[in-house]
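# Reading the structure
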Amino acid sequence: MSQSVKLGSYLRITNQLAQRILGNVSFLELIKFLLVGLLNTLVGMGLMLILKNGLEWPFWYATFTGNTVGAIVSYLMNRTFTFNSKVPIQVGIPRFSAVVLACYIFSYSISRLITVSMDSFTIGQFYIDSDNFAILLGAIIYTLANYIGQKSFVFNDYSQSSS
(Lines give C-alpha, C1' and ligand atoms only; values in the text may rest on other atoms or scores of the structure.)
Protein backbone atom coordinates (compact mmCIF):
# COMPACT_ATOMS: atom_id res chain seq x y z
CA MET A 1 0.00 0.00 0.00
CA SER A 2 1.41 3.40 -0.92
CA GLN A 3 2.23 6.03 1.69
CA SER A 4 -0.32 8.46 0.24
CA VAL A 5 -3.14 5.89 0.57
CA LYS A 6 -2.12 5.20 4.20
CA LEU A 7 -1.92 8.93 4.93
CA GLY A 8 -5.29 9.61 3.26
CA SER A 9 -6.91 6.82 5.25
CA TYR A 10 -5.37 8.11 8.48
CA LEU A 11 -6.50 11.69 7.79
CA ARG A 12 -10.05 10.55 7.01
CA ILE A 13 -10.26 8.57 10.24
CA THR A 14 -8.81 11.39 12.38
CA ASN A 15 -11.09 13.94 10.70
CA GLN A 16 -14.15 11.76 11.47
CA LEU A 17 -13.00 11.34 15.07
CA ALA A 18 -12.44 15.09 15.45
CA GLN A 19 -15.91 15.83 14.08
CA ARG A 20 -17.49 13.37 16.53
CA ILE A 21 -15.67 14.98 19.45
CA LEU A 22 -15.89 18.62 18.41
CA GLY A 23 -18.98 18.65 16.21
CA ASN A 24 -18.94 20.94 13.20
CA VAL A 25 -15.89 23.09 13.70
CA SER A 26 -15.57 26.13 11.53
CA PHE A 27 -12.06 27.34 10.87
CA LEU A 28 -13.02 30.96 11.60
CA GLU A 29 -14.62 29.96 14.90
CA LEU A 30 -11.52 28.03 15.93
CA ILE A 31 -9.28 31.00 15.03
CA LYS A 32 -11.52 33.32 17.07
CA PHE A 33 -11.42 30.88 20.01
CA LEU A 34 -7.63 30.76 19.83
CA LEU A 35 -7.40 34.58 19.67
CA VAL A 36 -9.67 34.91 22.70
CA GLY A 37 -7.62 32.16 24.33
CA LEU A 38 -4.44 34.10 23.61
CA LEU A 39 -5.90 37.18 25.26
CA ASN A 40 -7.23 35.36 28.32
CA THR A 41 -3.97 33.38 28.53
CA LEU A 42 -1.94 36.59 28.58
CA VAL A 43 -4.20 37.95 31.29
CA GLY A 44 -4.64 34.74 33.31
CA MET A 45 -1.18 33.22 32.97
CA GLY A 46 0.47 36.60 33.37
CA LEU A 47 -1.37 37.00 36.65
CA MET A 48 -0.51 33.40 37.69
CA LEU A 49 3.19 33.95 37.10
CA ILE A 50 3.17 37.33 38.86
CA LEU A 51 1.37 35.84 41.86
CA LYS A 52 3.55 32.70 41.97
CA ASN A 53 6.93 34.25 41.27
CA GLY A 54 6.53 37.92 42.16
CA LEU A 55 4.34 37.64 45.23
CA GLU A 56 5.35 34.04 46.09
CA TRP A 57 1.78 32.76 46.34
CA PRO A 58 1.35 28.96 46.60
CA PHE A 59 0.80 27.06 43.30
CA TRP A 60 -2.92 26.34 43.79
CA TYR A 61 -3.81 29.90 44.87
CA ALA A 62 -1.87 31.46 42.01
CA THR A 63 -3.30 29.16 39.33
CA PHE A 64 -6.86 29.42 40.66
CA THR A 65 -6.80 33.22 40.82
CA GLY A 66 -5.20 33.59 37.39
CA ASN A 67 -7.63 31.13 35.86
CA THR A 68 -10.61 32.89 37.42
CA VAL A 69 -9.64 36.27 35.97
CA GLY A 70 -8.82 34.67 32.60
CA ALA A 71 -12.16 32.84 32.69
CA ILE A 72 -14.10 36.07 33.07
CA VAL A 73 -12.37 37.49 29.98
CA SER A 74 -12.98 34.19 28.18
CA TYR A 75 -16.71 34.04 28.95
CA LEU A 76 -17.42 37.57 27.83
CA MET A 77 -15.36 37.32 24.63
CA ASN A 78 -16.40 33.80 23.62
CA ARG A 79 -20.10 34.41 24.22
CA THR A 80 -20.21 37.44 21.94
CA PHE A 81 -17.19 37.25 19.64
CA THR A 82 -16.43 33.55 19.09
CA PHE A 83 -19.70 31.65 19.32
CA ASN A 84 -22.18 34.53 18.93
CA SER A 85 -24.34 32.62 21.37
CA LYS A 86 -27.91 33.40 22.31
CA VAL A 87 -27.77 31.14 25.37
CA PRO A 88 -29.18 33.26 28.22
CA ILE A 89 -26.59 34.44 30.73
CA GLN A 90 -28.45 32.72 33.59
CA VAL A 91 -27.97 29.42 31.73
CA GLY A 92 -24.53 30.12 30.29
CA ILE A 93 -22.71 31.29 33.42
CA PRO A 94 -23.45 28.18 35.53
CA ARG A 95 -22.51 25.93 32.59
CA PHE A 96 -19.39 27.96 31.90
CA SER A 97 -18.40 27.87 35.58
CA ALA A 98 -18.85 24.09 35.70
CA VAL A 99 -16.79 23.56 32.54
CA VAL A 100 -14.04 25.93 33.66
CA LEU A 101 -13.85 24.34 37.12
CA ALA A 102 -13.80 20.81 35.68
CA CYS A 103 -11.15 21.77 33.11
CA TYR A 104 -9.10 23.53 35.79
CA ILE A 105 -9.11 20.58 38.17
CA PHE A 106 -8.49 18.08 35.36
CA SER A 107 -5.73 19.95 33.53
CA TYR A 108 -3.72 21.26 36.45
CA SER A 109 -4.01 17.99 38.37
CA ILE A 110 -2.74 16.08 35.33
CA SER A 111 0.08 18.57 34.76
CA ARG A 112 1.01 18.43 38.44
CA LEU A 113 1.08 14.62 38.37
CA ILE A 114 3.31 14.67 35.30
CA THR A 115 5.75 17.21 36.72
CA VAL A 116 5.76 16.36 40.45
CA SER A 117 8.79 14.10 40.17
CA MET A 118 10.70 16.50 37.92
CA ASP A 119 13.46 18.73 39.14
CA SER A 120 13.99 22.14 37.70
CA PHE A 121 15.75 22.34 34.37
CA THR A 122 17.16 24.87 31.97
CA ILE A 123 16.46 25.38 28.31
CA GLY A 124 19.16 27.55 26.90
CA GLN A 125 19.39 30.48 29.28
CA PHE A 126 15.96 29.91 30.80
CA TYR A 127 15.55 28.25 34.19
CA ILE A 128 12.21 26.48 34.59
CA ASP A 129 11.13 24.92 37.87
CA SER A 130 8.58 22.11 38.03
CA ASP A 131 5.76 24.42 39.21
CA ASN A 132 6.20 26.75 36.24
CA PHE A 133 6.41 23.82 33.84
CA ALA A 134 3.20 22.43 35.39
CA ILE A 135 1.54 25.82 34.79
CA LEU A 136 2.56 25.82 31.13
CA LEU A 137 1.57 22.18 30.55
CA GLY A 138 -1.70 22.68 32.42
CA ALA A 139 -2.54 25.65 30.19
CA ILE A 140 -2.22 23.50 27.06
CA ILE A 141 -4.41 20.72 28.46
CA TYR A 142 -6.88 23.29 29.78
CA THR A 143 -7.22 25.02 26.39
CA LEU A 144 -8.12 21.80 24.57
CA ALA A 145 -10.57 20.58 27.22
CA ASN A 146 -12.12 24.02 27.58
CA TYR A 147 -12.79 24.41 23.84
CA ILE A 148 -14.61 21.09 23.76
CA GLY A 149 -16.66 21.99 26.84
CA GLN A 150 -17.55 25.49 25.71
CA LYS A 151 -18.47 24.48 22.17
CA SER A 152 -20.49 21.40 23.05
CA PHE A 153 -22.08 22.43 26.36
CA VAL A 154 -21.84 26.11 27.29
CA PHE A 155 -22.49 28.01 24.07
CA ASN A 156 -24.40 25.32 22.20
CA ASP A 157 -27.72 27.06 21.50
CA TYR A 158 -29.25 23.71 20.51
CA SER A 159 -28.60 22.13 23.92
CA GLN A 160 -30.13 25.18 25.61
CA SER A 161 -33.32 25.08 23.55
CA SER A 162 -33.75 21.32 23.92
CA SER A 163 -33.30 21.20 27.71
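Before any of the text, the structure's been laid out above.
The rules behind the values
- Residues numbered from 1 in each chain as written.
- Predicted model: local features only at pLDDT ≥ 70, side-chain atom pairs only at ≥ 80, totals over all residues.
- Heavy atoms only, no water.
- Helix = DSSP H or I, 4+ residues; strand = E, 2+ residues; numbered from the N terminus.
- Contact = heavy atoms within 4.5 Å.
- Areas by Shrake-Rupley, 256 points an atom, 1.4 Å probe, with all protein chains shown as cover.
- Axes fitted to C-alpha atoms, helices over the stretch in contact; angles between N-to-C directions.
- Parallel < 35°, antiparallel > 145°, perpendicular 65-115°, else oblique.
- Left-handed = near helix turned anticlockwise from the far one by under 90°.
- Nonpolar A, V, L, I, M, F, W, Y, C, P; charged D, E, K, R; others polar.
- Expected span 1.5 Å × (residues − 1).
- Bend = angle between axes of the 7 residues up to and from the residue.
- Buried < 20%, exposed > 50% of the residue type's maximum accessible area, 1.4 Å probe, protein only.
- Core = buried A, V, L, I, M, F, W, Y, C linked by side-chain atoms within 4.5 Å.

### As for the overall build of the protein
The helix and strand tally for the protein stands at 6 helices and 2 strands. A fraction of 72% describes how many contacts in the protein between residues 6 or more apart in sequence connect residues 24 or more apart. Accessible surface computed for the protein: about 10,100 Å², of which carbon and sulfur atoms make up 69%.

### Description of the packing of helix H3 (residues 59-82) against helix H5 (residues 130-154)
Across the interface, H3 lies against H5 with an axial gap of 12 Å and an inter-helix angle of 30 degrees. Judged on the interaxial angle alone, H5 and H3 are roughly parallel. Crossing of H3 against H5: the hand is right-handed. Seen from H3, the contacting residues are Phe 59, Thr 63, Asn 67, Ser 74 and Asn 78; seen from H5, they are Asp 131, Ala 134, Ile 135, Tyr 142, Asn 146 and Gln 150. Residues belonging to the contact of H3 with H5 are distributed by class as follows: 4 nonpolar, 6 polar and 1 charged.

### Points about helix H2 (residues 27-54)
Here H2 is 28 residues long and its end C-alpha atoms lie 38 Å apart, about the 40 Å a rise of 1.5 Å per residue gives. At Thr 41, H2 shows its strongest bend, of approximately 25 degrees. For H2, the complete set of buried residues consists of Glu 29, Phe 33, Val 36, Gly 37, Asn 40, Gly 44, Met 45, Met 48, Leu 51 and Lys 52. Where H2 is buried, its residues meet H3, helix H4 (89-115) and H5. Of the residues flanking the end of H2, it is Glu 56, one or two places downstream, whose phi is positive at about 60 degrees.

### Some words on the nonpolar core
Within soluble globular proteins, side chains that are nonpolar tend to cluster in buried spots. The biggest cluster of nonpolar side chains holds 20 residues, and the ones touching the most others in it are Phe 96, Tyr 108, Tyr 142 and Phe 155. Looking at this core, the elements with two or more residues in it are H2, H3, H4 and H5. With residues near it in sequence (within four places) discarded, Phe 155 still touches Tyr 75, Asn 78, Arg 79, Phe 83, Ser 85, Val 87, Phe 96 and Gln 150.

### Topic: the environment of Val 100
Mapped onto the fold, Val 100 is located in helix H4. In this structure Val 100 comes out as buried when scored by relative accessible area, which is 10%. Residues Val 100 and Gly 149 lie 49 residues apart in sequence; the distance between their C-alpha atoms is 8.3 Å.

### Overview of the packing of H3 against H4
Where H3 meets H4, the axes come as close as 10 Å, and the angle between the chain directions of the two elements is 140 degrees. On the basis of their axis angle, the class for H3 and H4 is oblique. The two elements H3 and H4 cross, and the hand of that crossing is right-handed. Contacts between H3 and H4 pair Phe 59, Trp 60, Thr 63, Phe 64, Asn 67, Ala 71, Ser 74, Tyr 75 and Arg 79 from the former with Ile 89, Gly 92, Ile 93, Phe 96, Val 100, Leu 101, Tyr 104, Tyr 108, Ser 109 and Arg 112 from the latter. Counted by class, the contact of H3 with H4 contains 12 nonpolar, 5 polar and 2 charged residues.

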